[in-house]
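So you can see what is in the structure, the chains are spelled out below.
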Amino acid sequence: MTITVDREAGLLASVPTGLLINGQWQASASGKTLDVHDPATGKVLASIADGGSEDALAALDAASAAQAGWARTAPRVRGEILRKAFELVTERAEDFALLMTLEMGKPLGEARGEVAYGAEFLRWYSEEAVRDYGRYVTTPEGKNKILVQHKPVGPCLLITPWNFPLAMATRKVGPAVAAGCTMVLKPAKLTPLTAQLFAQVMQEAGLPDGVLNVVSGSSAAAISGPLLKDSRLRKISFTGSTAVGKQLMADATHNVLRTSMELGGNAPFIVFGDADLEAAVDGAMAAKMRNMGEACTAANRFLVHESVAGEFTAKLAERIGALTVGRGTEAGTDVGPMIEQKAREGIHALVTAAVADGATVLTGGDVVAGDGYFYQPTVLGNVPNDAAILGQEIFGPVAPVTTFKDEADAIRIANSTEYGLAAYVYTRDFSRLLRVSEQLEFGMVGFNAGVISNAAAPFGGVKHSGLGREGGSEGIAEYTTTQYIGIADPYA
Ligand code: NAP
């Protein structure tokens, strides 16, 4: 079904355009606004308040003032607000999906998938809110007692990227609300509308004023800078590029902040000679093409055993070559635009360099002429192991394929990156899976699975892919601090 212009306009008109500070939607202190564009057309979708340093500090004032009361709010109450928010997001799934497609470009079907995935963090943490256990034990000497309790870490700065505008917000807001933290959320300037609508839904769900504040703006550093210098802030949770994450980690030392860093990836997709090749190609389509390849978990390097490389690559090229590129709102679209012109140029530069290094273009390989930032779904064969495209995040619909000789070779190549987020392994041999997984320096491994993200699972990386985990029972621990109370012998 193709979405009508009226439906788009109606939805856009319903999205709050102000900054959310202490429960009030308001203009920025500067009075400036920020335009949000549709990457499929380049046209302006909406203008929202352009927040800056003064607004960020006002948001932290509100978060600080709300912190003590929110920490004392019953976990059940916090959980029920999250449960209500899950229901409201689910009821408005079509609105959230369309909004994401408009501001980010992903096909509507994928946007619907993100709504379901993103909403699940609200439901999952509504359940976790009442299950954050401490402990009470006798010391080994048998006299004194050890009481351990978890407390909310305090006001948090949450910074999210543009590629999953809803899920990256719910993945942070869900556990922070459950743990009893207050927040300043700073969405990416390219896709703030989804976060604005989500914040409104959190208000409707009953979240008290000041618990969640939202400051979007054209200068991320103007928002984060003063907050990181303010001792009332106690935590930063960031999802984005490794370069920015490293800078924020350095800045976070000033007030010795708790940090959670979900950074870049360079996922190997390893296909062993015994793999079910049809399943591997299905998995490759999901791991590579989901979100147009603009995902931190996107398969970035296809490492295929030399015995099956020809067959695998031909099947992959056939499937990828058959995909339909178009505006995400149009029926039948498989692959939407890249987020912006700069991103598309970067992808094309990597493809051009790989071809100059000897790679073969099996399908695609170029930009799509016309409006928007579209790039042809591409498969590159015979990519040399030292090609730049294998060493950095492509963040686009390009699948470079290279080969390996044996298991040790596959592990060595897979680990030869500073990143360590997701890896994928296709084999029919479970012992091999366990052996290889133990040696892979990655926070997550997909076993015969091309999509592994789940609200109930601990998502996160090692090495330059970050610190901390989002999702699962691990996710709430990122927002709590541990307090130990040593109790004298009650029999003395
Ligand atoms: P990015 O440029 O690092 O931006 C991410 C967020 O940081 C945005 O909100 C951005 O704001 C903000 N930001 C940029 N510079 C900043 C600064 N100096 N101080 C404070 N905040 C700053 O990354 P992106 O291009 O949006 O996202 C793509 C990256 O995110 C990829 O590397 C991808 O792998 C990674 N990612 C990781 C995960 C994960 O879970 N590991 C998930 C999704 C994405 P503005 O956009 O408003 O400038």
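Residues numbered from 1 in each chain as written. Predicted model: local features only at pLDDT ≥ 70, side-chain atom pairs only at ≥ 80, totals over all residues. Heavy atoms only, no water.

*Asks:* Got a minute to help me understand empty space enclosed by the protein in this structure?
*Replies:* A probe as big as a water molecule, rolled over the atoms, marks out the empty space that is left. In total, this model carries 4 cavities of 30 Å³ or more according to the counting rule given. Approximately 70 Å³ is the volume attributed to the largest cavity. Lining the largest cavity we find Ala286, Ala287, Arg290, Ala295, Thr297, Ala298, Tyr424, Gly450, Val451, Ile452 and Ser453. Grouping the constituent residues of the lining of the largest cavity by class yields 7 nonpolar, 3 polar and 1 charged. Lining of the second largest cavity is provided by Tyr117, Phe164, Met168, Arg171, Arg290, Cys296, Thr297, Ser453 and Phe459. For the lining of the second largest cavity, a count of residues per class yields 5 nonpolar, 2 polar and 2 charged. Structurally, the lining of the second largest cavity is a two-domain feature, drawing no fewer than three residues from each of domain 1 (5-263 + 466-483) and domain 2 (267-455). (1 Å grid on protein atoms, 1.4 Å probe; cavity = no way out; pocket = protein on both sides within 12 Å on 5 of 7 lines; lining within 4 Å. Points joined across faces, edges and corners; volume = space filled by probe spheres on them. Nonpolar A, V, L, I, M, F, W, Y, C, P; charged D, E, K, R; others polar. Domains from an automatic or database assignment.)

*Asks:* Please clarify how the site of the ligand should be interpreted in this entry.
*Replies:* Near the ligand you find 29 residues, and of these Thr160, Arg171, Ser241, Leu263 and Glu393 are the closest. Trp162 is positioned such that a nitrogen or oxygen atom in its side chain is 3.0 Å from an oxygen atom of the ligand. One of the side-chain N or O atoms of Lys186 is found 3.1 Å from an oxygen atom in the ligand. Surface burial for the ligand is 86%, taken as the share of its 910 Å² of free accessible area covered by protein chains. Cavity membership is defined here by more than half of the atoms lying within 2 Å of grid points; on that basis the ligand lies in the largest pocket. Among the elements of the structure, α6 (167-179), α8 (220-228), β10 (235-239) and α9 (242-252) are those that each provide at least two residues to the shell around the ligand. Residue contributions to the shell around the ligand peak at 3 residues, all from α8. (Near = heavy atom within 4 Å. Polar contact = N/O pair within 3.5 Å; in protein donor to acceptor, adjacent residues only side chain to side chain. Areas by Shrake-Rupley, 256 points an atom, 1.4 Å probe, with all protein chains shown as cover. Sits in = over half its atoms within 2 Å of the grid points. Helix = DSSP H or I, 4+ residues; strand = E, 2+ residues; numbered from the N terminus.)

*Asks:* Help me understand the domain arrangement of the protein in this model?
*Replies:* Reports often express the size of an interface as the amount of accessible area lost when the parts come together. Considered domain by domain, the protein is made up of domain 1 (5-263 + 466-483) and domain 2 (267-455). The gap between the C-alpha centroids of domain 1 and domain 2 is 30 Å. Each partner contributes residues to the interface: domain 1 has 31 residues there, and domain 2 has 29 residues. Buried surface at the junction of domain 1 and domain 2, both sides included, amounts to about 2200 Å², of which 61% is carbon and sulfur. The largest contributions to the domain 1 side of the interface with domain 2 come from Pro39, Ala40 and Trp162, which together make up 22% of the buried area. Linking domain 1 with domain 2 are 2 salt bridges, by the criterion used here. Across the salt bridge formed by Arg327 and Glu8, the nearest N and O atoms sit 3.2 Å from each other. Viewed at the interface, domain 2 and domain 1 are joined by 9 residue pairs in polar contact (both at pLDDT 80 or more). When residues of the side of domain 1 that touches domain 2 are traced back to their parent elements, those giving at least two are α4 (93-104) and α5 (108-128). (Contact = heavy atoms within 4.5 Å. Buried area = accessible area lost by both parts, 1.4 Å probe. Salt bridge = Lys/Arg side-chain N within 4 Å of Asp/Glu carboxyl O.)

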